[in-house]
Amino acid sequence: MQNTNFSPGEHKGSHRRFALIGGFLGAGKTTAVGAFANALLDAGMRPALITNDQGEGLIDSQAAAASGAPMKEITGGCFCCRADALGAALAELDEESRPDVFLAEPVGSCTDLVATVLLPLREIFAEPVTIAPMAVVVDSIRLWDHYFGPARGRGFSKEVRYIYEKQLEEAEIIALNKVDLLSEAKLAKLEKRLAAGYPGREVIPVSARNGDGMKRWFLAMMGKSSSPADVIDLDYARYGAGEALLGWYNARISAEAKAGGIDANRVALELASGIQRILEDSHAEIAHLKVSIGGGGGFAVANAVRNGNGASLSRRAAERHESAVEILINVRAECDPDLIADGVGIAIGSVREALALALDWRGESAFKPGQPNPTYRVGSVAS
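Residues numbered from 1 in each chain as written. Predicted model: local features only at pLDDT ≥ 70, side-chain atom pairs only at ≥ 80, totals over all residues. Heavy atoms only, no water.

K.L.:
Please give an account of the overall build of the protein that cites residues and values.
P.N.:
In terms of regular secondary structure, the protein is built from 12 helices and 14 strands. For the protein, the C-alpha radius of gyration of 20 Å lies close to 21 Å, the compact-globule estimate for 383 residues. By its C-alpha atoms, the protein is 60 × 45 × 40 Å across when sized along the principal axes. When contacts within the protein are restricted to residue pairs at least 6 apart in sequence, long-range pairs at least 24 apart make up 80% of them. (Helix = DSSP H or I, 4+ residues; strand = E, 2+ residues; numbered from the N terminus. Rg over C-alpha atoms; globule rule 2.2 N^0.38 Å. Contact = heavy atoms within 4.5 Å.)

Take a look at the structure:
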C-alpha cells in the first residue's frame, strides 16, 4: 500500500478549502473521501464531511462517520437542489469545528455541479473559502465497459449514460479509481481515450482500496484551485429523464437471532448476493447495492456496484453479534423502484428463514428522483 499521508508544508493555500468530489453511483467516492479525511487528520489538519443523497438511512454516511471527522448529512435532494441546506451545513460545521477542509460528496446521479454549487458558492456559504478543482471519481471497470462494451449485461440506457458523460465533461480532475483491477494495457487505453475525449483534464489513476495514486490526487486537490473553462451545456429535460429511470431504495430493519447469535459478515454477504441475483435476473442494471449489518460488535458491509461482478464484503465485523443488530439496505439501479422492493423482500425472506432471524421493519422507501431544479445556476464562468 502506498503512503497517502502528506504534510501541510507540501502545498500552499490549504486552509479553508472546499473540495467537491463527485462521480457516478458505485464509483467508490465514499471510500475515497474517507481516505482523504484520514490523510488530512494524519497531517494535523481538520476535515469536515458533508454527505448527500435523495433518501435517508445511508450506509455511506455511516461509513463516513467512522473517520471521526465532523459530519453533516443532506438528504431529500442533491446539493444543487438543496443549496440552502448545503449552506446551512457549511455554516454549522464552521461554527462547531472550524475545519481546514470541507469534503463534500454529492449524489451519484448529480451533474452540473460547477454551475450550481462551485461557482455560486459565495452565495451559498457566506464565508470565504478556496475552492479545490472539481473532482470526479470514476470506476475504471465501469468506464472500460462504457467505452469498449460491457462484458456482461446490457449496461445503462443512453439517458443514464448522458448523466455519466456530463459528469466526466465537467471534471477538472478525473480520479480513475479501482485501477488495481485493470491490466496495464487496459489502463493505458483508458487514459488515451480520456485524453482524447476530455482534453485539459488531469487524469490520475488511483485505487482507494490499496492507496495507489491517492497521495498524488490529494496533493492536486490541496495545491490547486478550481478554474473551469466554462460550465457544461446541459439539457435539463434529458438529465431529468435519465434520473427518472433510476430506482432508489432504502430500508432499515432490526434483526435478532432466535438462537446462536448473528454472523453479520455472513448475513450481509448472503443478503447482498440474493438481492443482486434477483435484480440481474430481472435485467435491472445495478449501480450501487450496499447492505450494512451491525451493533455492539461492529458492523459488516457487503456491496455490489455493477452487474456480472459478485457482491463482496468491503468491511468485516470483528465479532459475532449475540444481540439484536440493525440492517441497512441501499440500492440504486436502472429499473422500477418497486422491482427493487420486491427483490429485497424475497431476499430478506430467504435469509430470515435460513438463519432463523426475527425481523422488525423500521422503515422502507422506494422511489425515483424528481426533476432536477437547482437553487442557483451560473450561466457561464464569465458571468
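K.L.:
So, unusual backbone geometry: which residues are in play, and what are the values?
P.N.:
If you check the backbone angles, R98 has positive phi at about 45° while not being a glycine. Summarising the element assignment, R98 is placed in the loop between α3 (83–97) and β4 (101–105). The partly exposed category is assigned to R98, whose relative accessible area is 42%. Notably, H283 is not glycine yet its phi reads approximately 65°, a positive angle. Note that H283 resides in the loop between α11 (264–281) and β10 (285–295). (Buried < 20%, exposed > 50% of the residue type's maximum accessible area, 1.4 Å probe, protein only.)

K.L.:
Explain the packing of aromatic side chains to me, and be specific about the residues and the numbers.
P.N.:
Tallying each qualifying case throughout the model produces nine aromatic pairs. Residues F36 and F218 carry aromatic rings whose centres are separated by 4.5 Å and whose planes lie at 15° to one another, so their mutual orientation is stacked. You can see F36 sitting in helix α1 (residues 29–42) and its partner F218 sitting in helix α9 (residues 214–223), a full 182 residues away along the chain. Pair check on accessibility: F36 and F218 agree, each one buried. Ring geometry for F102 versus F125: centroids 5.7 Å apart, planes at 80°, classification edge-to-face. Taken together, the positions of F102 in strand β4 and F125 in the loop between α5 (121–124) and β5 (130–131) put the pair 23 residues apart, joining distant regions of the chain. Among the residues examined, F125 registers a relative accessible area of 4% and is labelled buried. Feature note: the residues F24, F156 and Y164 constitute an aromatic cluster, connected by ring pairs. Note that K189 overlies the ring of F148, its terminal NZ or CZ placed 4.4 Å from the centroid. If you follow R193 out to its NZ or CZ, it ends over the ring of Y147, 4.2 Å from the centre. (Phe/Tyr/Trp six-rings, centres within 6.5 Å; stacked < 30°, edge-to-face > 60°. Lys NZ or Arg CZ within 6 Å of the ring centre and 35° of its normal.)

K.L.:
Explain the pattern of salt bridges residue by residue, including any values.
P.N.:
One pass over the structure, following the stated rule, counts 17 salt bridges. Among the ionic pairs, R332 bridges to D53, the shortest N-O distance being 3.1 Å. Placement of the pair is R332 in strand β13 (residues 325–334) and D53 in the loop between β2 (47–52) and α2 (59–65), with a sequence separation of 279 residues. Exposure class is identical for R332 and D53. Each is buried. The shortest N-O distance in the salt bridge between D360 and R362 comes to 2.9 Å. A relative accessible area of 36% places D360 in the partly exposed class. Its relative accessible area of 56% is what places R362 among the exposed residues. Three or more residues are tied together by salt bridges with common partners; here these are R16, D94 and R98. (Salt bridge = Lys/Arg side-chain N within 4 Å of Asp/Glu carboxyl O.)

K.L.:
Outline helix α12 (residues 337–355), supporting the account with residue identities and numerical values.
P.N.:
Spanning 19 residues, α12 covers 27 Å between terminal C-alpha atoms, matching the ideal 27 Å at 1.5 Å per step. Here α12 has its buried residues at P337, I340, A341, G343, V344, A347, I348, G349, V351 and L355. N-cap assignment for α12: the residue whose side-chain oxygen lies 2.8 Å from the backbone N of D338 is D336. One or two positions beyond α12, positive phi appears at A356, with a value near 55°. (Expected span 1.5 Å × (residues − 1). Polar contact = N/O pair within 3.5 Å; in protein donor to acceptor, adjacent residues only side chain to side chain.)

K.L.:
Outline the side chain of H288, listing residues and values.
P.N.:
In this fold, H288 is placed in strand β10. Not counting chain neighbours up to four residues away, the residues in contact with H288 comprise L25, G26, D60, A304, N330, V331 and R332.

K.L.:
For the nonpolar core, give the residues involved together with the corresponding values.
P.N.:
F18, L20, I50, L143, L168, L176 and L194 are the most contacted members of the largest nonpolar core, which totals 59 residues. When near neighbours in sequence (up to four residues on either side) are disregarded, I50 contacts K72, I74, F79, L86, A89, L90, L93, L103, A104 and E105. Judged by nonpolar contacts, the second largest core, of 37 residues, contains A255, I262, A268 and I348. (Core = buried A, V, L, I, M, F, W, Y, C linked by side-chain atoms within 4.5 Å.)

K.L.:
I'd like a rundown of empty space enclosed by the protein, residues and numbers included.
P.N.:
Counted by the stated rule, this structure contains one cavity of 30 Å³ or more. In this model, the largest cavity occupies a volume close to 70 Å³. The wall of the largest cavity is formed by 13 residues, among which F24, V137, V138, D139 and Y164 lie closest to the centre. When contributions to the lining of the largest cavity are tallied by element, the ones reaching two or more residues are β6 (135–139) and α7 (158–170). Partitioning the lining of the largest cavity into residue classes produces eight nonpolar, three polar and two charged. (1 Å grid on protein atoms, 1.4 Å probe; cavity = no way out; pocket = protein on both sides within 12 Å on 5 of 7 lines; lining within 4 Å. Points joined across faces, edges and corners; volume = space filled by probe spheres on them. Nonpolar A, V, L, I, M, F, W, Y, C, P; charged D, E, K, R; others polar.)

K.L.:
Can you lay out the sheet that holds β10 for me, pointing to particular residues and giving the numbers?
P.N.:
Spatially, six strands are ordered β12-β11-β10-β13-β9-β14 in an open sheet, and the strand pairing comes out antiparallel. The strands lining the two open edges of the sheet, one partner per strand, are β12 (312–315) and β14 (357–367). Averaged over all pairs of adjacent strands, the angle between strand axes in this sheet comes to 20°, irrespective of strand direction. With seven bridges joining them, β10 and strand β11 (residues 298–304) adopt antiparallel strand pairing. (Pairing = 2+ DSSP bridges. Axes fitted to C-alpha atoms, helices over the stretch in contact; angles between N-to-C directions.)

K.L.:
So what's going on with the pairing of β11? Which residues, and what values?
P.N.:
Regular strands have side chains that alternate between both faces of the sheet. In terms of burial, β11 is largely enclosed, as six of its seven residues are buried. Sheet topology places β11 next to β12; three bridges connect them, and they run antiparallel. Among the inter-strand pairings, A302 is bridged to a residue of β12, identified as L313.

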